[in-house]
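Working through the structure, step by step
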Amino acid sequence: DTITIEIGDQMTTWEIVGIFQMSGNFSPPPVYTTSEILDSYMPESGMVTSVRVTTASSDAGTQLQVSKDLEAVFNQENIQFTQITLSTDWIAQQASAFDTLIYFLLVMAIMISIVGGIGLAGMMSMNVMERTREIGVLRAVGASNGSILRMVIAEGVIVGAISWLLGLVVSFPLTLALNAGVSQAMFQQQSMGAYVINWQGIVYWLVGALVLATLASILPAWRAMRLTVRDSLAYE
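Okay, so let's go over this structure. (Residues numbered from 1 in each chain as written. Predicted model: local features only at pLDDT ≥ 70, side-chain atom pairs only at ≥ 80, totals over all residues. Heavy atoms only, no water.)

**Some thoughts on the packing of helix α3 (residues 87-130) against helix α6 (residues 199-226)**
Here is the rule we go by: Where helices are involved, their axes are fitted lines through C-alpha atoms of the stretch in contact, as for all axes, and angles between N-to-C directions lie from 0 to 180°. Here a helix means four or more residues in a row that DSSP labels H or I, a strand means two or more in a row labelled E, and each is numbered from the N terminus. Convention used here: angles under 35 degrees read as roughly parallel, angles over 145 as roughly antiparallel, angles from 65 to 115 as roughly perpendicular, and any remaining angle as oblique. For a crossing to be left-handed, the near helix must be turned anticlockwise from the far one by less than a right angle; the clockwise case is right-handed. Residue contacts are defined here by distance: any two heavy atoms, one from each residue, within 4.5 Å place the two residues in contact. Lys, Arg, Asp and Glu make up the charged group, whereas Ala, Val, Leu, Ile, Met, Phe, Trp, Tyr, Cys and Pro make up the nonpolar group; the residues left over, Gly among them, are polar.
Close contact between α3 and α6 brings their axes to 9 Å; oriented N to C, the two are set at 30°. Considered as vectors, α3 and α6 are oriented roughly parallel to each other. Remark: the crossing between α3 and α6 carries right-handed chirality. Each of L106, A109, I110, S113, I114, G117, L120, A121, M124, S125 and V128 in α3 lies in contact with α6, whose residues at this interface are W205, L212, A213, A216, S217, P220, R223 and A224. Looking at the contact of α3 with α6 residue by residue, the classes come out as 14 nonpolar, four polar and one charged.

And the structure:
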């Protein structure tokens, strides 16, 4: 297809050879062509918006040294420029925007986990109350304080492990939905591409769920441990 572009007072016709979708919101969107053809229509030739230099090594020290050498050459040759940006700095700026979103989601996840722990503590307390007579029978046949404590905590840990497993299953479709939503809101794209599963994070959440379940079960277990045979059998 062709498109008509007004450059100065002249209407020019350009042929579209391809479309490239760029991440982000740009107004107006960028258009790419060769410098030779563009110079033939522009009143001033030999000027560019940006020059990108690829270094042999991508570490920050090499990039900084090359940028200083380029700045010295530009000043020596009286070449005017606005700024020199390192790719490491640009990547850090882009990552900071995502870090804000990630930290927000992480805080929300921790708050939800705390609420879940409180709910688990309430559920375990109700279980201890409903099984008071059973605990009394265990006491009567010689169950020790440690066995009662381990029984209640083990039940809470099992519930925590099951909740982690269910959360892991649900996290995959939720991640797809979140990926699409963030891509559309921030980059005007359907998706940012395939996401990578962080197995280390999955293990961390398993450990966190088990620790939280243990802490939520300690108080109900302590109450169950303090029940005597007489009080347990007399409970209605």
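**What to know about the side chain of N127**
The test is simple: Between N or O atoms, a polar contact is any pair within 3.5 Å; within protein, one atom must be a potential hydrogen donor and the other a potential acceptor, and residues adjacent in sequence are included only when both atoms are from side chains.
Along the chain, N127 turns up in helix α3. A polar contact is formed between the side chain of N127 and the side chain of E155, at a distance of 3.2 Å.

**Things to note about the environment of I202**
Applied cut-off: The buried label applies to any residue whose accessible area, calculated with a 1.4 Å probe on protein chains only, is under 20% of its type's maximum; exposed applies above 50%, and partly exposed to all values in between.
Here I202 lies in helix α6. Its relative accessible area of 15% is what places I202 among the buried residues. Taking C-alpha positions, I202 is 7.8 Å from L168, a pair spaced 34 residues apart along the chain. Apart from residues lying up to four places away in sequence, I202 is in contact with W164, L168 and I197.

**Details of the packing of aromatic side chains**
How we decide: Centre distance within 6.5 Å is the pairing criterion for rings of Phe, Tyr and Trp, where only the six-membered ring of Trp is used; planes under 30 degrees apart are then read as stacked, over 60 as edge-to-face, and the remainder as tilted.
Scanning the entire structure with this criterion turns up two aromatic pairs. Taking 5.2 Å as the distance between ring centres and 45° as the angle between the ring planes, the aromatic pair formed by W14 and Y41 counts as tilted. Here W14 is found in strand β2 (residues 10-15), whereas its partner Y41 is found in helix α1 (residues 35-41), with 27 residues between them in sequence. We classify Y41 as partly exposed; its relative accessible area is 28%. Plain terms: the ring middles of F74 and F81 are 5.4 Å apart, the flat faces sit at 50° to each other, and that makes the pair tilted.

**Observations regarding the pairing of strand β1 (residues 2-7)**
Worth spelling out the cut-off: Strand pairing follows a simple DSSP-based rule, namely that at least 2 bridges must link the two strands.
Two elements, β1 and β2, share six bridges in a ladder whose sense is antiparallel. From the neighbouring strand, I5 faces β2, where its bridge partner is T12. Counting the residues between successive antiparallel strands, the hairpin from β1 to β2 contains two residues, one of them, G8, with a positive phi of roughly 70°.

**Points about the layout of surface pockets**
Gaps between atoms show up when a probe of the same size as a water molecule is rolled over them. Our working rule: Definitions used throughout: a 1 Å grid over protein atoms alone; a cavity as a set of points that fits a 1.4 Å probe which cannot get out; a pocket as an open set with protein on both sides within 12 Å along at least five of seven lines; a lining residue as one with an atom within 4 Å of a point. Grid points are joined across faces, edges and corners, and a volume is the space filled by probe spheres set on the points.
Roughly 2000 Å³ of volume is contained in the second largest pocket. Taken together, 42 residues make up the lining of the second largest pocket; nearest its centre are L105, A109, S171, T175 and W205. Breaking the lining of the second largest pocket down by element, the ones donating at least two residues are α3, α5 (145-187) and α6. Partitioned by chemical class, the residues of the lining of the second largest pocket number 29 nonpolar, 13 polar and no charged.

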